[in-house]
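Chain by chain, the residues run as shown.
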Amino acid sequence: MRKTVFKLRTIILATITLTWALISGAAELVEVKTITFKSNVADRKNLQERIKLPYVVTSRQSVTDNINHHLYLENFDSLAPAHPEEPIDSADIVPEGIIEQSFVSYGIKNRVFGITLNFEACGAYCEVAEKSYNYDLSSGRFISLKSLFFQGNLAALSRRYSVVQMERYKSLINDFSNQLLEQRKRPLDKEGAEIIDDLQARIEFNRNCLEGIESLEQKDDYEIEQRNSMRFQIKESELVVSMERCSVHATLALDDAGEISMSVPYEEFRGKLSQYGYNLIFGEQVTGLEEYSNFSGQILHGTIGRFPIIMKIAVEKGKIYGVYFYEKYRRPIKIEGRQQGNEIILLESGDIKMDLIRDGDFFEGWWRGKKSFPMKVYFPKEQSNGLWNK
């Protein structure tokens, strides 16, 4: 991803503090600091109050680091600022085309912190979009939908959301069809013809959206789960899911449905969650259920020889791609490879190879270049610190 280059002179930190009390009477403080840039470049000076970058602070540094590194790698292809209270030297932290960004936070007290980034990006045209991220406050682990549900129940959630989408599009088709019937009863003039054309275009657009969802419903469970690019927010008493709107820029004016969301109270998920999901959502230490421990998309920590590293990799159908950083230098090193059972093989430039075997929460093996060094990485797991107590 290309970045916009501009010099950063000043950073203003504003802090929102969310106090989530523990049953013990202690408090878990989550501070969301807003890093606001002031640019020295003339045509970007007006952005100084419009681009808000969040920096999350918790009571434990490891959790703070995991949340922020994940958030920044997902959005800016870089580690989070090491010293957010100081001017940032990086000139390319904001992706090209972003002209405005803000955020809102939410969550379940003591257990989940969530944040939604709202942004406007401009290229050939401007569009508004949002991204949501949910984190386990006991570890800073990024929470995926797959980690919360039994495999089949995630497909069921997807189908339930599809029903909500289809009902919305059917309702719009019905409304516009009725309007079209009424319009055709009136004398046909230039304005009336334009109204008819507009209504017909809206009916056709919504029919296309409806047919697209209906075709997905014919696919098997695996393919339905693969479509789960659903955004979700783990709020205090309900799960809110949504997807990107049906329209592209050319059809945006016809999209009356926009981004369709669905809210489901947590009580409806009893009997459908994984062990991890039960523990996280209800704060109940349930055992004997399916547990989810996928490292894909997580922030991994470890060492190559005696040098600390931070890594983030994604796994898709056995193929791996990602990046890692030496903590001292904080420069990205791209890697790719494959997974075979508990073994992962990663390659970077210059014929450097990593051979790692998974053992529980850890991967251990060797980094092999001109020399060989032992290598070890691990991914976040919950910590027994009382954060999951009600």
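Residues numbered from 1 in each chain as written. Predicted model: local features only at pLDDT ≥ 70, side-chain atom pairs only at ≥ 80, totals over all residues. Heavy atoms only, no water.

**Q** Just checking my understanding: could you explain the packing of aromatic side chains for this structure?
**A** Each pair of aromatic rings is reported with the distance of its centres and the angle of its planes. Per the stated rule, a full pass over the model turns up ten aromatic pairs. Considering the side-chain rings of Phe307 and Tyr326, the 6.4 Å spacing of their centres and the 85 degrees angle between planes classify their relative orientation as edge-to-face. Linking Phe307 in strand E12 (residues 307-316) with Tyr326 in strand E13 (residues 319-326), this pair joins segments that are 19 residues apart in sequence. On the basis of relative accessibility, which here comes to 38%, the residue Phe307 falls in the partly exposed class. Accessibility expressed as a relative area gives 18% for Tyr326, which makes it buried. With centroids separated by 5.7 Å and ring planes inclined at 65 degrees, the aromatic side chains of Tyr324 and Tyr326 adopt a geometry described as edge-to-face. What makes Tyr324 buried here is its relative accessible area of 0%. The rings of Tyr133, Tyr135 and Phe142 are connected pair by pair, giving a single aromatic cluster. The positively charged end of Arg270 is found above the aromatic ring belonging to Phe282, 3.9 Å away from the centroid. Lys376 extends its terminal NZ or CZ atom over the ring of Phe362, reaching a point 4.6 Å from the ring centre. (Phe/Tyr/Trp six-rings, centres within 6.5 Å; stacked < 30°, edge-to-face > 60°. Helix = DSSP H or I, 4+ residues; strand = E, 2+ residues; numbered from the N terminus. Buried < 20%, exposed > 50% of the residue type's maximum accessible area, 1.4 Å probe, protein only. Lys NZ or Arg CZ within 6 Å of the ring centre and 35° of its normal.)

**Q** Mind showing me how you'd approach the pairing of E13 here?
**A** Regular strands have side chains that alternate between both faces of the sheet. Within E13, six of the eight residues are buried, leaving the element largely enclosed by the surrounding structure. Pairing of E12 with E13, which is carried by eight bridges, proceeds in the antiparallel orientation. Bridge pairing in E13 places Ile310 opposite Phe325. The turn joining E12 and E13, which pair antiparallel and follow one another in sequence, is formed by two residues; a positive phi near 50 degrees is taken by Lys317. Relative to strand E14 (residues 333-340), E13 runs antiparallel, the two sharing six bridges. Paired with Tyr324 across the two strands is Ile333, which belongs to E14. Hairpin connection from E13 to E14: six residues lie between these consecutive antiparallel strands, with Arg330 at a positive phi of about 60 degrees. (Pairing = 2+ DSSP bridges.)

**Q** Looking at this structure, I do not really get the nonpolar core. What am I missing?
**A** Nonpolar side chains tend to gather and get buried jointly when the protein is soluble and globular. In terms of nonpolar packing, the biggest core is built from 41 residues, with Phe149, Leu157, Ile234 and Leu239 touching the most fellow members. Elements represented by at least two residues in this core include exactly helix H2 (145-148), helix H3 (151-184), helix H4 (190-217), strand E8 (231-234), strand E9 (238-242), strand E10 (261-265) and helix H6 (275-282). Sort the elements by how many residues they give to this core and H3 lands first, with nine residues. Setting aside its immediate chain neighbours within four residues, Phe149 contacts Leu154, Leu157, Leu239, Phe269, Lys272, Leu273 and Ser274. Grouped together as the second largest cluster of nonpolar side chains are 25 residues, Val57, Tyr72, Ala80 and Leu137 included. (Core = buried A, V, L, I, M, F, W, Y, C linked by side-chain atoms within 4.5 Å. Contact = heavy atoms within 4.5 Å.)

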